[in-house]
Amino acid sequence: MPVLPGAEPFRHEGGEVGVLLCHGFTGSPQSLRPWAEYLAGRGLTVSLPLLPGHGTRWQDMQLTGWQDWYAEVDRALRELLDRCAQVFVFGLSMGGALALRLAAKHGDAISGVVLVNPANKVHDQLAFALPVAQHFIRSTPGIASDIAKPGSVEVGYDRVPTRAAHSLRKFLQLVDAELPQVTQPLLLLHSPQDHVVPPVDSARVLARVSSTDVTETLLEQSYHVATLDHDAERIFADSFAFVGRLAESVGREGAEAGG
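Sequence order sets the numbering: in each chain, residues are counted from 1 along the sequence as written. It should be noted that, the model being predicted, local features are given only for residues of pLDDT at least 70 and side-chain atom pairs only at 80 or more, the latter also being counted only at that level, while totals for whole chains, interfaces and linings use all residues. By convention in this description, side-chain values take in all heavy atoms of the structure and omit both hydrogens and water.

For the protein, the name recorded in an unreviewed UniProt entry is Alpha/beta fold hydrolase, with Streptomyces yangpuensis as its organism.

### Side note on the state of the cysteines
Here, two cysteine sulfur atoms that lie within 2.5 Å of each other are counted as a disulfide. Applying the stated criterion across every chain yields a total of zero disulfides. Of all cysteine sulfurs in the structure, the one in cysteine 84 sits closest to cysteine 22, which takes part in no disulfide; the separation is 15 Å. A relative accessible area of 1% places cysteine 22 in the buried class. Look at cysteine 84 and you get buried, because its relative accessible area is 9%. When a residue's accessible area, from a 1.4 Å probe over protein chains only, is under 20% of the maximum for its type it is buried; when over 50% it is exposed; and in between it is partly exposed.

### Overview of the sheet that holds strand S2 (residues 17-22)
Here seven strands make up an open sheet; going across it, the order is S1-S3-S2-S4-S5-S8-S9 and the pairing mixed. Looking at strand neighbours, the two that pair on one side only are strand S1 (10-12) and strand S9 (214-218), the edges of this open sheet. Ignoring which end each strand starts from, the neighbouring axes of this sheet average 15° apart. Summarising the sheet, S2 and strand S3 (residues 45-48) pair through three bridges and their orientation is parallel. Among the inter-strand pairings, glycine 18 is bridged to a residue of S3, identified as threonine 45. Strands in contact with helix H7 (residues 199-208) are strand S5 (112-116), strand S8 (186-190) and S9; relative to S8, the strand with the most contacts, it is inclined by about 165°. Pairing between strands requires that DSSP locate at least two bridges from one strand to the other. Labels follow the DSSP assignment, with helices taken as runs of H or I lasting at least four residues and strands as runs of E lasting at least two, numbered in each case from the N terminus. Here, axes are lines fitted to C-alpha atoms. For helices the fit covers the stretch in contact, and angles between N-to-C directions go from 0 to 180 degrees. We call two residues in contact when some of their heavy atoms are within 4.5 Å.

### A closer look at the pattern of salt bridges
Between side chains of opposite charge, a pair can form as their charged atoms come close. Salt bridges are identified by distance alone: a Lys or Arg side-chain nitrogen within 4 Å of an Asp or Glu carboxyl oxygen. The full count for this structure, using the stated rule, is 14 salt bridges. For arginine 11, the salt bridge identified is with glutamate 79, shortest N-O distance 3.7 Å. Placement of arginine 11 in strand S1 and of glutamate 79 in helix H3 (residues 66-83) is noted, with a sequence separation of 68 residues between them. The class for arginine 11 is partly exposed, based on a relative accessible area of 34%. In this structure, arginine 101 engages glutamate 178 in a salt bridge whose closest nitrogen and oxygen atoms are separated by 2.9 Å. Of this pair, arginine 101 sits in helix H4 (residues 94-106) while glutamate 178 sits in helix H6 (residues 162-178), and the two are 77 residues apart along the sequence. With relative accessibility at 10%, the residue arginine 101 sits in the buried group. Glutamate 178 sits in the buried class, given a relative accessible area of 7%.

Structure follows, in structure tokens:
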């Protein structure tokens, strides 16, 4: 299937500091593309992969599960680790959960983690019925484009495939159990008004990780897809400052890139 316009993966070869960005469930790289381009413009090496089953049509997601999505970001991370002296992982929504599992599994190889409205649990009323419902109900209404900013639209599916949602639920349970293994510096930005992932998910992440260098930021003007919303520039600037604080070479690279 052809990839939806705007949903293509993004890669930029920059300096010795790399950033991996992980998009969300039923979404695409489009939701993080402005963030990726901002970081690339400041001299960083950036990887923003398209998760399997995403960016085409929702029926394609029925053939994939969390193992496929995680394998793709793990592959992209290993490429960055081979290429860069320091690597950071960023994620939105389910992408935040993917980033957290990478941090738990790769330890000191990852220099820091940035999360925007990270998902920790499937809160939908159908959640507990998914093991059975996935066999009778193919899809439910979509969750894309929860954005406060007028005219801003997320490229994502208008339906949620139940088989994939069941896999997501199992994955989030797995990641929740691994959160104490996350020790890296952490920047977590979340929206009090989020119609997809409630603030309790961010609170749960903050309570369970073992990181001691933790910054929490509220995105008061944005809904779930905050990277395309009113607070986007703040997310971009704060995340770059976070990387700059932990990677000495970033300041030099940014100056050389004119940023």
